[in-house]
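Fold and geometry: a report
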Amino acid sequence: STKDHEDSTKDRKDSMKEHKDSTNDHKDSTKDCENSTKDQEDSTKDREDSTKDCEDTTKDHEDSKKDRKDSTKDHEDSTKDRKDSMKEHKDSTNDHKDSTKDCENSTKDQEDSTKDREDSTKDCEDTTKDHEDSTKDRKDSTKDHEDSTKDRTDSTKDHE
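Residues numbered from 1 in each chain as written. Predicted model: local features only at pLDDT ≥ 70, side-chain atom pairs only at ≥ 80, totals over all residues. Heavy atoms only, no water.

Focus on the overall build of the chain
Put simply, the rule is: Labels follow the DSSP assignment, with helices taken as runs of H or I lasting at least four residues and strands as runs of E lasting at least two, numbered in each case from the N terminus. Only C-alpha atoms enter the radius of gyration, while the globule expectation follows 2.2 Å times N to the 0.38, with N the number of residues. Accessible area is worked out with a 1.4 Å probe on protein chains only. A residue is then buried under 20% of its type maximum, exposed over 50%, and partly exposed in between. Residue contacts are defined here by distance: any two heavy atoms, one from each residue, within 4.5 Å place the two residues in contact.
Within the chain, the secondary structure is distributed over 2 helices and 0 strands. A globule of 160 residues ought to have a C-alpha radius of gyration of about 15 Å, yet the chain, at 36 Å, is considerably larger. For the C-alpha atoms alone, the extent of the chain along its principal axes is close to 135 × 15 × 15 Å. Buried residues in the chain amount to 19% of all 160 residues. When contacts within the chain are restricted to residue pairs at least 6 apart in sequence, those whose partners lie at least 24 apart make up 88%.

Next comes the structure, spelled out in structure tokens:
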């Protein structure tokens, strides 16, 4: 019974550690999600800026077309700027998609962490219950021992 009690105490300590680890994992996952959300917001801002740049460059391109007879060189520069802006816009769109995917993965990690934490809490509760049962068994065993000792003493006394 004492061995069971010691095992139960060890199981309880292990379960408490798992619970603590799971809580830390949950905090880390929450932090990752917050960082990913911030990255997504930054990416959205970059994408909006890039879209605005693209619109501005397109306007420049149209203005350049009007002046093309007099300024072929300006038109070529504007075309290049537009291509660069379109590439930046495309890159920004890809960054936004990646950030969205990261956020989805982080949300999944957070859900998994929450589940682990709930499982760990359940393990902790079960181990606490086992510990209480072991303590009760130990008390019962001690009481049985005391009763047996008393019966032995009474029997010795009767024998004398």
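Quick look at a negative patch on the surface
Note the threshold: By definition, no residue in a patch forms a salt bridge, and every one has over 30% relative accessible area; like charges are joined within 9 Å, nonpolar side chains (Val, Leu, Ile, Met, Phe, Trp, Tyr) within 5 Å. What sets the accessible areas is the Shrake-Rupley method with a 1.4 Å probe; for residues, cover comes only from the shown protein chains. Between Lys or Arg on one side and Asp or Glu on the other, a salt bridge is scored when a side-chain nitrogen of the former is within 4 Å of a carboxyl oxygen of the latter. Counting rule for charge: Lys and Arg are taken as positive, Asp and Glu as negative, and neither His nor the chain ends is counted. Charge coordinates come from a single atom per side chain, which is NZ of Lys, CZ of Arg, CG of Asp or CD of Glu.
A contiguous patch of negative charge on the surface is contributed by D25, D28, D32, D109 and D116. Secondary structure elements with two or more residues in the negative patch: α1 (2–66) and α2 (72–159). Counting residues per element, the negative patch draws most heavily on α1, at 3 residues. Position of D109 relative to the elements: it lies in helix α2. D109 gets classed as partly exposed once you look at its relative accessible area, which sits at 44%.

As for the side chain of S78
Note the threshold: Distance and chemistry together define a polar contact, namely a pair of N or O atoms within 3.5 Å, with one atom able to donate a hydrogen and the other to accept it when in protein, and with adjacent residues in sequence counting only for side-chain atoms on both sides.
Here S78 shows up in helix α2. Assessed through its relative accessible area of 9%, S78 is described here as buried. A polar side-chain atom of S78 sits 3.3 Å from the main-chain amide nitrogen of H61. Aside from chain neighbours lying at most four places away, what touches S78 is T57, D60, H61 and S64.

Some remarks on the pattern of salt bridges
Applying the stated criterion to the full structure yields 17 salt bridges. As a salt-bridge pair, D119 and K115 come within 2.9 Å of each other at their nearest N and O atoms. With D119 and K115 both in helix α2 and 4 residues apart, this pair spans about one turn of that helix. One salt bridge connects K136 with D140, and the closest N-O pair in it is separated by 3.0 Å. Here D140 and K136 lie together in helix α2, a separation of 4 residues that amounts to about one turn. With relative accessibility at 34%, the residue D140 sits in the partly exposed group.

Side note on the packing of α1 against α2
Rules: Axes here mean lines fitted to C-alpha atoms, for a helix over just the part in contact, with angles spanning 0 to 180 degrees between N-to-C directions. Each angle gets one of four labels, with under 35 degrees taken as roughly parallel, over 145 as roughly antiparallel, 65 to 115 as roughly perpendicular, and the rest as oblique. Less than a right angle of anticlockwise turn of the near helix away from the far helix marks a crossing as left-handed, whereas a clockwise turn marks it as right-handed. In this count, Pro and Cys sit with the nonpolar residues alongside Ala, Val, Leu, Ile, Met, Phe, Trp and Tyr, while Asp, Glu, Lys and Arg are called charged and the others, Gly among them, polar.
At a minimum axis separation of 5 Å, α1 and α2 run at an interaxial angle of 165°. Considering the angle they form, α1 stands roughly antiparallel to α2. Between α1 and α2 lies a crossing of left-handed hand. A breakdown of the residues in the contact of α1 with α2 according to their chemical character gives 6 nonpolar, 44 polar and 24 charged.

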